[in-house]
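Close look at the chain arrangement
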Amino acid sequence: MIGITVAAIVVIIFLLVSNNLIKQLANQERDRMDIWAKATERLATADVGSDLEFLLGIISQNNSIPVLICDKNFNISEFRNFQLPERGDEDKSVFTELSTKNKEYLSNRLIRAANGSALKSLSKSNRHFIEVELYGGENQYIYFEDSKLLKNLSVYPYIQMTVMVMLALIIYLAMVYTKRAEQNRVWVGLSKETAHQLGTPISSLMAWTEYLQTTGVGREITDEIDKDVKRLSVIANRFSKIGSRPEMQLEYINEVIGKSLDYMKSRVSGKVEIRLHLSEDDYGVLLSRPLVEWVMENLTKNAVDAMQGEGLLDITTGSERNIIWIEVRDTGKGIAKKNFKTVFNPGYTTKKRGWGLGLTLVKRIVEEYHKGKIYVKESEIGVGTTFRIELPEAK
């Protein structure tokens, strides 16, 4: 943030300095045109004894600033340094000697510059017009434009600023990508190490379950222990899949959700009512069953925590426009609208204990592995929250 602020200040200072230099150059050009106009006026009214060579020298020095000489009715008599659209007239300076196309070009350019106003008023308010007395005492008007060099310089700072901004953006994106890649490597390493460390105690617990059955412990007790041990094995398997592309299979979403909630129903508070509203048609989706079950368990646990062990949890499925959607709605404490996106960031949690990685993992599974979307559809403080998952339908 500090780096971006410093860069913005540097860019602003650079623009201010550049604009100041351009204004100074523009003022110098206007001063040169004042001298050129006076020399032209003196030359037009000079007598035989005047220093004509000096005046002609001043006039001939202008080889960069475009100039038009016209009367109050916009009738052009002479011009200099204009890039004409039709070739063949580059060396001419008398307007009447030009081709029809070039005449129209210069006339339109002059009229656009004057905006249809009287030249006398423009000569006072617009420094691009200078009033002089030429040719028998009749007032003429010299219209001049910024030179090509000045025009290029006026655009150059903005081009340079654009390039600087683009370079800064590329550097920023590269840093973000590098940081994210590093976080991913840490996350994958932690996940696989967790799966590896869980392997030994799970194998030991399986052996202890078999031993308890031989000692006469009730079958119901050992069956429940066995379910939890198998559950730990499934969890370890899920962690081992992080960082590698999971195998996708055609599964039916209602059946997957129903099975994932069977385990949770007996392990959440009896004061939480879980209601399923499954679509009439069971839609097929290419997915990794263990990971999608993990998603549903995470969302269910979060919902139960948000309701503090008491409330209503509605899970609904449906389809629209080749998208299979799942909505998980609770009657918990709700989420502020400003946190609708940040709830998926690593470390975000409202619990006193926990790392705040549950929803981050859910988002990664849904969006990176299954090319779907997950977001907070709606939420109201004190009323509840609805999470929506969208997955592409298998074709």
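The rules behind these values
Residues numbered from 1 in each chain as written. Predicted model: local features only at pLDDT ≥ 70, side-chain atom pairs only at ≥ 80, totals over all residues. Heavy atoms only, no water. Helix = DSSP H or I, 4+ residues; strand = E, 2+ residues; numbered from the N terminus. Expected span 1.5 Å × (residues − 1). Buried < 20%, exposed > 50% of the residue type's maximum accessible area, 1.4 Å probe, protein only. Axes fitted to C-alpha atoms, helices over the stretch in contact; angles between N-to-C directions. Left-handed = near helix turned anticlockwise from the far one by under 90°. Contact = heavy atoms within 4.5 Å. Nonpolar A, V, L, I, M, F, W, Y, C, P; charged D, E, K, R; others polar. Phe/Tyr/Trp six-rings, centres within 6.5 Å; stacked < 30°, edge-to-face > 60°. Lys NZ or Arg CZ within 6 Å of the ring centre and 35° of its normal. Polar contact = N/O pair within 3.5 Å; in protein donor to acceptor, adjacent residues only side chain to side chain. Pairing = 2+ DSSP bridges. pLDDT = per-residue confidence, 0-100. Parallel < 35°, antiparallel > 145°, perpendicular 65-115°, else oblique. Core = buried A, V, L, I, M, F, W, Y, C linked by side-chain atoms within 4.5 Å.

Next up on the list: helix H8 (residues 289–306). Over its 18 residues, H8 extends 26 Å from the first C-alpha to the last, a length consistent with the 26 Å expected when each residue adds 1.5 Å. Burial analysis of H8 places 14 of its 18 residues in the buried class, the great majority of the element. Looking at the residues trailing H8, positive phi occurs at glutamine 308, about 55°.

Attention now goes to the packing of H8 against helix H9 (residues 358–369). Where H8 contacts H9, the two axes come as close as 10 Å, and the packing angle between them is 145°. At the point where H8 passes H9, the crossing takes the left-handed sense. The residues of H9 that touch H8, namely those facing Leu291, Trp294, Val295, Asn298, Leu299 and Asn302, are Gly358, Leu359, Leu361, Val362, Ile365, Val366 and Tyr369. Of the residues belonging to the contact of H8 with H9, the class tally is ten nonpolar, three polar and no charged.

Before going further, it helps to examine the packing of aromatic side chains. Scanning all chains against the criterion turns up two aromatic pairs. Ring centres of tryptophan 208 and tyrosine 211 lie 5.7 Å apart, and the angle between their planes is 90°; on these two criteria the pair is classed as edge-to-face. Taken as a pair, tryptophan 208 and tyrosine 211 lie in helix H5 (residues 148–214) at a separation of three residues, close to a single helical turn. For the pair phenylalanine 344 and phenylalanine 387, a centre-to-centre distance of 6.1 Å together with 85° between the ring planes defines the contact as edge-to-face. In this pair, phenylalanine 344 is assigned in the loop between strand E9 (323–330) and H9 and phenylalanine 387 in strand E11 (residues 384–392), connecting sequence segments 43 residues apart. By the burial criterion, phenylalanine 344 is buried, and phenylalanine 387 matches it. Its guanidinium or amino end placed over the ring of phenylalanine 344, lysine 363 lies 5.1 Å from that ring's centre, counting from NZ or CZ.

With that settled, consider the side chain of threonine 209. Considering the arrangement of structural elements, one finds threonine 209 in helix H5. Side-chain polar atoms of threonine 209 contact the backbone oxygen of leucine 205, separated by 2.9 Å. Ignoring sequence-local partners within four residues, the contact set of threonine 209 consists of Thr222, Ile225, Asp226 and Val229.

Let us now look at the pairing of strand E10 (residues 373–380). Direction of pairing for E10 relative to E11: antiparallel, over a ladder of seven bridges. Opposite serine 379, over in E11, you have threonine 385 as the bridge partner. Two successive antiparallel strands, E10 and E11, enclose a turn made up of three residues, where glycine 382 displays a positive phi of approximately 85°.

The pLDDT averaged across the protein works out to 79; a share of 84% of its residues lies at or above 70. Per-residue pLDDT, averaged within each element of the protein, yields its smallest value for helix H4 (residues 119–125) (43) and its largest for E11 (95). With pLDDT under 50 throughout, residues 116–126 is counted as low confidence; its partners more than four residues away or in other chains account for 16 contacts.

Okay, the sheet that holds strand E8 (residues 311–320) next. Strand order in the open sheet made by the five strands is E6-E8-E9-E11-E10, with mixed pairing throughout. Every other strand in the sheet has two partners, leaving strand E6 (272–277) and E10 as the edge strands with one partner each. Neighbour-to-neighbour, the strand axes of the sheet open up by a mean angle of 15°, direction not taken into account. Here H9 sits on the sheet in contact with E10 and E11, set at roughly 135° to E10.

What follows is about the packing of helix H7 (residues 253–265) against H8. Interaxial distance between H7 and H8 falls to 9 Å at its minimum, and their mutual angle equals 55°. When the axes of H7 and H8 are compared, the pair comes out oblique. The two elements H7 and H8 cross, and the hand of that crossing is right-handed. For the pair formed by H7 and H8, the contact residues are Glu255, Val256, Ile257, Lys259, Ser260, Leu261 and Met264 on the first element and Arg289, Val292, Glu293, Met296, Glu297, Thr300 and Lys301 on the second. Tallied by class, residues from the contact of H7 with H8 come to six nonpolar, two polar and six charged.

Here we take up the pairing of E9. For E9, the tally of buried residues reaches six of eight residues, placing the bulk of the element in the interior. Bridge count between E8 and E9: eight bridges; the pairing is antiparallel. Among the inter-strand pairings, glycine 318 is bridged to a residue of E9, identified as tryptophan 325. Linking two consecutive strands that pair antiparallel, namely E8 and E9, is a turn of two residues; a positive phi of about 50° is found at arginine 321 within it. For E9 and E11, the ladder comprises eight bridges, and the chain directions are antiparallel. Looking across to E11, one finds that isoleucine 323 is bridged to proline 392.

The phi dihedral of asparagine 81 is positive, around 65°, even though this residue is not glycine. With respect to the secondary-structure elements, asparagine 81 resides in the loop between strand E2 (76–80) and helix H3 (100–114). Positive phi outside glycine occurs at lysine 371, with the angle close to 55°. Topologically, lysine 371 is positioned in the loop between H9 and E10.

Bringing the nonpolar core into the picture now. Leu299, Ile315 and Ile389 are the most contacted members of the largest nonpolar core, which has 42 residues in total. Considering each element in turn, this core owes the most residues, eight residues, to H8. In contact with isoleucine 389, other than residues within four places in its own chain, are Val295, Met296, Leu299, Ile324, Trp325, Ile326, Val366, Lys373 and Ile374. Counting residues in hydrophobic clusters, the runner-up holds 13 residues, among them Phe79, Phe82, Leu84 and Tyr143.

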